[in-house]
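Working through the structure, step by step
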Amino acid sequence: MIIISGCDIWVLTEKESYNFLYFDCFLEDPSNVEYIEGEDAILTCKVSPTSLPVEWFKDGSGVELDDNCKQSNEGTTHILSIKHAKSDDSGGYYCFLEDPSNVEYIEGEDAILICKVRPTSLPVKWFKNGIAVKLDDNCEQSNEGTKHILSIKNAESDDNCFLEDSSNVEYIEGADVILTCKVSPTSLPVKWFKDGNAVELDDNCEQSNKGTKHILSIKHAKSDDSGEYCVKVGNFSRKLQLKIKDCFLEDPSNVEYIEGEDAILTCKVSPTSLPVEWFKDGNAVELDDNL
């Protein structure tokens, strides 16, 4: 006697992109069947809509289709036909739909994975990279009727969302500052902090992104813009130091001249591209043939 029965539903995941299966598309539960060895075995399930692709599995492995084992469908009815069934054809058969949806979470958030299974009596097991998920205080399995849930607290990723470490940078006072970090995926929200406080965005301090690159732009940087900057994505962050250097390479010195002599006043500034203006007693010096 050959007995073909229902079996566990397998929910597989890959890294942190979790796949989950929806089984509400089954119009009726497949029934266990028995056949005499040597007979042709017919396994059926009804699925809607008819355009959904269906795969058959036996004891956790994909069924190999050949001349003796064929898959077909008639409208909503999907059929697996096994010619001249043998004793080793016995086992747990099930069908599920291809292309389950992936979901994304920010690293550090709680992740909720869901599958819906009928009948509710079917046991559900969760797997990650082919290995059974270990259940503990941070990873719990539950169900509400047909809905089976895997809850992962403070989800972590093998591949961090930061594509590269941010580098410390130096700028001359008055220059425009550009701070960058690279984050994937591009949909992740990014927040900037300075010395532990959220950066206040305005016309002189703007945040933007170009694909994976997130940018904080500070116009006409001042000495008090120096400090520790932090880029946060969820509960994870990267830090960098911004140093605003005085553009004067050395302090100008007081000088004395005899009336009627030519007077030379000097200062050293970096970079050489910075515009320089001279003032006397608080007023801009008027330049002419003598100045």
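Residues numbered from 1 in each chain as written. Predicted model: local features only at pLDDT ≥ 70, side-chain atom pairs only at ≥ 80, totals over all residues. Heavy atoms only, no water.

What about the packing of aromatic side chains?
Tallied over the entire structure, the rule returns zero aromatic pairs. Between Lys-232 and the ring centre of Phe-193, over which it is positioned, the NZ or CZ distance is 4.7 Å. (Phe/Tyr/Trp six-rings, centres within 6.5 Å; stacked < 30°, edge-to-face > 60°. Lys NZ or Arg CZ within 6 Å of the ring centre and 35° of its normal.)

Comments concerning the sheet that holds strand E17 (residues 147–152)
Taken in spatial order, the three strands line up as E13-E17-E16 in an open sheet, and their pairing is antiparallel. Whereas interior strands pair on both sides, the edge strands pair on one side only; in this sheet they are strand E13 (111–116) and strand E16 (139–144). The average undirected angle you get between the axes of adjacent strands in this sheet is 20 degrees. Bridge count for E13 against E17 is six bridges, and the pairing is antiparallel. Across the sheet, Leu-113 pairs through a bridge with Leu-150, a residue of E17. (Pairing = 2+ DSSP bridges. Helix = DSSP H or I, 4+ residues; strand = E, 2+ residues; numbered from the N terminus. Axes fitted to C-alpha atoms, helices over the stretch in contact; angles between N-to-C directions.)

Concerning the nonpolar core
Core analysis: the biggest nonpolar cluster contains 20 residues, and Leu-179, Val-183, Trp-192 and Tyr-229 have the highest contact counts within it. Elements with a contribution of two residues or more to this core: strand E19 (177–182), strand E23 (213–218), strand E24 (227–233) and strand E25 (236–245). Ignoring anything within four residues of it in the chain, the contact list for Leu-179 reads Val-169, Trp-192, His-214, Ile-215, Leu-216, Tyr-229, Leu-240 and Leu-242. Core analysis: the next-biggest nonpolar cluster, separate from the first, contains 14 residues, Cys-69, Leu-80, Ala-85 and Tyr-93 among them. (Core = buried A, V, L, I, M, F, W, Y, C linked by side-chain atoms within 4.5 Å. Buried < 20%, exposed > 50% of the residue type's maximum accessible area, 1.4 Å probe, protein only. Contact = heavy atoms within 4.5 Å.)

So, the sheet that holds strand E21 (residues 197–198)
On the basis of which strands lie adjacent, the open sheet formed by five strands has the order E18-E25-E24-E20-E21 and mixed pairing. The open sheet is flanked by strand E18 (169–172) and E21, the only strands paired with a single partner.

Some words on the side chain of His-214
Tracing the backbone shows His-214 in strand E23. Of the residues examined, His-214 reaches a relative accessible area of 5% and is grouped as buried. Residues within four places of His-214 in sequence aside, it is in contact with Leu-179, Thr-180, Cys-181, Val-183, Leu-188, Val-190, Trp-192, Ser-208 and Asn-209.

Quick look at a nonpolar patch on the surface
A contiguous nonpolar surface patch, about 590 Å² in accessible area, is contributed by Val-255, Tyr-257, Ile-264, Leu-265, Val-276 and Trp-278. Its place among the elements puts Leu-265 in the loop between strand E26 (248–250) and strand E27 (268–269). (Patch = residues over 30% accessible without salt bridge, like charges linked within 9 Å, V, L, I, M, F, W, Y side chains within 5 Å. Areas by Shrake-Rupley, 256 points an atom, 1.4 Å probe, with all protein chains shown as cover. Salt bridge = Lys/Arg side-chain N within 4 Å of Asp/Glu carboxyl O.)

What to know about the pairing of strand E9 (residues 69–74)
The pairing of E9 with strand E10 (residues 77–82) spans six bridges and is classified as antiparallel. Within E10, the residue paired with Glu-74 across the bridge is Thr-77. Taking the residues that link successive antiparallel strands as the turn, the E9-E10 hairpin has two residues, and the phi of Gly-75 there is positive, at about 65 degrees.

Some thoughts on the pattern of salt bridges
Once the charged atoms of two side chains with opposite charge are near each other, the side chains can pair. Applying the stated criterion across every chain yields a total of four salt bridges. In this structure, the salt-bridge partner of Asp-281 is Lys-280, at a minimum N-O distance of 3.2 Å. Taken as a pair, Asp-281 and Lys-280 share a single burial class, namely exposed.

Some thoughts on the UniProt feature "domain: Ig-like" (unreviewed entry) in the chain
Those places that UniProt annotates as "domain: Ig-like" (unreviewed entry) correspond, in this numbering, to residues 37–107, 173–241 and 259–291. The span residues 259–291 is 0% helix and 18% strand, and its two end C-alpha atoms sit 15 Å from each other. (UniProt positions renumbered as here; feature names shortened; annotations may be inferred.)

A look at the side chain of Ser-166
Note on placement: Ser-166 falls in the loop between E17 and E18. In contact with Ser-166, not counting residues within four places along its chain, are Thr-180, Cys-181, Arg-238, Lys-239 and Leu-240.

Considering unusual backbone geometry
The phi dihedral of His-84 is positive, around 50 degrees, even though this residue is not glycine. For His-84, the position within the fold is in the loop between E10 and strand E11 (91–97). Not every positive phi belongs to a glycine, and Asp-195 is a case in point at roughly 50 degrees. Tracing the chain through its elements places Asp-195 in the loop between strand E20 (191–194) and E21. A relative accessible area of 44% places Asp-195 in the partly exposed class.

Comments concerning the confidence of the model for the chain
Considering every residue of the chain, the mean pLDDT works out to 80; 83% of them sit at 70 or more. When the criterion is pLDDT under 50, residues 1–24 qualifies, and its contacts beyond four places in sequence or with other chains add up to 102 contacts. (pLDDT = per-residue confidence, 0-100.)

What about the environment of Asp-246?
With respect to the helices, strands and loops of the structure, Asp-246 is situated in the loop between E25 and E26. On the accessibility criterion, Asp-246 (49% relative accessible area) is partly exposed. Sequence spacing of Asp-246 and Gly-174 is 72 residues, and the spatial spacing of their C-alpha atoms is 9.0 Å. Within the structure, Asp-246 has its side chain in polar contact with the backbone nitrogen of Phe-248 (distance 2.9 Å). (Polar contact = N/O pair within 3.5 Å; in protein donor to acceptor, adjacent residues only side chain to side chain.)

What to know about the environment of Ser-61
Tracing the chain through its elements places Ser-61 in strand E8 (residues 61–62). Judged by its relative accessible area of 44%, Ser-61 falls in the partly exposed class. In the structure, Ser-61 is positioned 32 residues away from Tyr-93 in sequence and 9.4 Å away in space, judged by C-alpha atoms.

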